[in-house]
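Examination of the molecular architecture
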Amino acid sequence: MLVHSNVPNSTTVMEFLLMEFSDVRTLQIFHAISFSLIYLVTLIGNIFIVIVTILDKGLHIPMYFFLRNLSVLDACYISVTVPNSCINSLLGTSTISRTGCVGQVFLVVFFVYVELLFLTIMARDRYVAICHPLHYPVIMSPQICSRMTLASLVSGLMYAGVHTTSTFTLPFCGSNAIHQFFCDIPSLLKLSCSNTIVNEIMIIISGLGIGGGCFVFIIGSYFHIFSTVLKFPNGADRKKAFSTCVPHILVVSVFLSSGFYVYLRPSVISATTLDMILSLFYSVIPPLFNPIIYSLRNEPIKCAMRKIMTKIFYSGNVLAIKKCCPKLLNIVHLLGNILK
């Protein structure tokens, strides 16, 4: 919807059109179903980690405190973009109101910022635990962990507020078609009929400063971790550390590289399908793979899962469950075998 303003030959955009993955109805339904499955798997995985780290007292340490925070964040992050995209594909619509677009931009920027800080803090946590184990209780005390989490959330709100406000104070006129499956700042800057150089400079400086700084810190932390781990006499310990750290570095690298490509390109460059595909790598892939990296490769998490499943299904209710839902027990046994 376009509403005429007081400025001659100018209009104000009141709603936007999101880009569809395909114009073919069958492919739209396939997109909705596949994205819904990805969303459900991501949601279940992250919520399960939250439940496990809360119920098992043995996991009430800084590492799992941040993992729980990351899981809550990932569940919220993917809920901002994917469900709306699935609903639009099922209904065959692509419109989003200006208010809805403002909300999406604010939440996406907020969650991306806080996710990056959480990943950085978790890398520091592992660095202190492995390289300075004697000082770990002091450096990563519960008070300090809570303050770092609160600082990340508050600064994230401020960061998202600044970029969202600076984006939507621009006039949008003419086309209202966003070449993305959700509202993001680079796509919106292309629709503005005013000079966006200040906004682009803000994105470049903040992106390289915060994103680049966090990436350097993460790489530096893991470099020290690898240097320390290589001194371990036990080869199994080295293998365990590498199997956990390397996937973390890969996810962070994909997360940042795809985000840098989409956000740091000049707005004069035309949007392509590649932009929409790359946006999946910083909006869908991290929430999906973080539970896999930090749970299936983590023996304490797997042990806690087995304990909880045992308490639930073998506490006197097993006979009742067997009578009404025999297949459910088979699924539980299968999950138990996988986690072993």
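An account of the accompanying structure is given in this report. Every chain's residues receive numbers from 1 upward, in the order its sequence appears when written. Per-residue local features are limited, in this predicted model, to residues with pLDDT of at least 70; the limit for side-chain atom pairs, both in listing and counting, is 80 or more; totals at the level of whole chains, interfaces and linings are taken over all residues. The side-chain values count all of the structure's non-hydrogen atoms but skip hydrogen atoms and water molecules.

Let's shift gears to the packing of helix α1 (residues 25–55) against helix α2 (residues 62–91). Helix packing geometry: the angle between the two helix axes and the distance between the axes. In contact at an axis separation of 8 Å, α1 and α2 are set at 160° when each is read in the N-to-C sense. If you check the angle between α1 and α2, you find them roughly antiparallel. Of the two elements, α1 crosses α2, and the hand of that crossing is left-handed. Here an axis means a line fitted to C-alpha atoms, over the contact stretch when the element is a helix, while the angle between two N-to-C directions is reported on a 0 to 180 degree scale. Secondary structure follows DSSP: runs of H or I at least 4 residues long count as helices, runs of E at least 2 residues long count as strands, and numbering of each begins at the N terminus. What sets the label is the angle itself: under 35 degrees gives roughly parallel, over 145 gives roughly antiparallel, 65 to 115 gives roughly perpendicular, and the rest give oblique. A clockwise turn of the near helix away from the far one marks a right-handed crossing, whereas an anticlockwise turn of less than a right angle marks a left-handed crossing.

Time to look at the environment of Met-148. Mapped onto the secondary structure, Met-148 falls in helix α5 (residues 142–168). Residues Met-148 and Leu-117, spaced 31 residues apart in sequence, show a C-alpha to C-alpha distance of 9.2 Å. Residue contacts are counted whenever heavy atoms from the two residues lie within 4.5 Å of one another. Once residues lying within four places of it in the same chain are set aside, the contact partners of Met-148 are Phe-66, Ile-121 and Met-140.

What follows is about the pairing of strand β3 (residues 15–18). On β3, burial follows the alternation: Phe-16 and Leu-18 on one face are buried, whereas Glu-15 and Leu-17 on the facing-out side are not. At least two bridges found by DSSP between two strands is the condition for calling them paired. In this sheet, strand β4 (residues 95–97) lies alongside β3 in antiparallel orientation, the contact comprising three bridges. Residue Glu-15 lies in a different strand from β4, and its bridge partner there is Ser-97. As defined by bridge partners, β3 adjoins strand β5 (residues 177–178) across two bridges and the pair is classed as parallel. Among the inter-strand pairings, Leu-18 is bridged to a residue of β5, identified as Ile-178. Relative accessibility decides the category of a residue: with a 1.4 Å probe and only protein chains considered, values under 20% of the type maximum give buried, values over 50% give exposed, and everything between is partly exposed.

This next bit is on the nonpolar core. General note: in soluble globular proteins, nonpolar side chains tend to be found buried as a group. Put simply, a nonpolar core is a bunch of buried Ala, Val, Leu, Ile, Met, Phe, Trp, Tyr and Cys residues held in one set by side-chain atoms that sit within 4.5 Å of each other. Judged by nonpolar contacts, the single largest core of 77 residues is most densely connected at Phe-16, Ile-178, Leu-188 and Tyr-222. Here the element with the most residues in this core is helix α3 (residues 98–131); it accounts for 16 residues. Ignoring anything within four residues of it in the chain, the contact list for Phe-16 reads Ser-94, Thr-95, Ile-96, Arg-98, Cys-101, Phe-168, Phe-172, Asn-176, Ile-178, Leu-188 and Leu-191.

Working definition: rings of Phe, Tyr and Trp (its six-membered ring) pair if their centres are within 6.5 Å, and the pair is stacked with planes under 30 degrees apart, edge-to-face with planes over 60 apart, and tilted otherwise. A complete count under the given rule lists ten aromatic pairs for this structure. Seen in terms of ring centroids, Phe-65 and Phe-66 are 5.3 Å apart; in terms of plane orientation they differ by 70°. Their pairing is edge-to-face. Of the residues examined, Phe-66 reaches a relative accessible area of 1% and is grouped as buried. Ring geometry for Phe-182 versus Tyr-282: centroids 6.5 Å apart, planes at 80°, classification edge-to-face. One end of the pair, Phe-182, is in the loop between β5 and α6 (185–191); the other, Tyr-282, is in helix α9 (residues 273–283), with 100 residues separating them in the sequence. Residue classification places Tyr-282 among the buried residues on the basis of a relative accessible area of 1%. Ring pairing ties together the aromatic residues Phe-35, Phe-181, Phe-182 and Tyr-282, which thus form one cluster.

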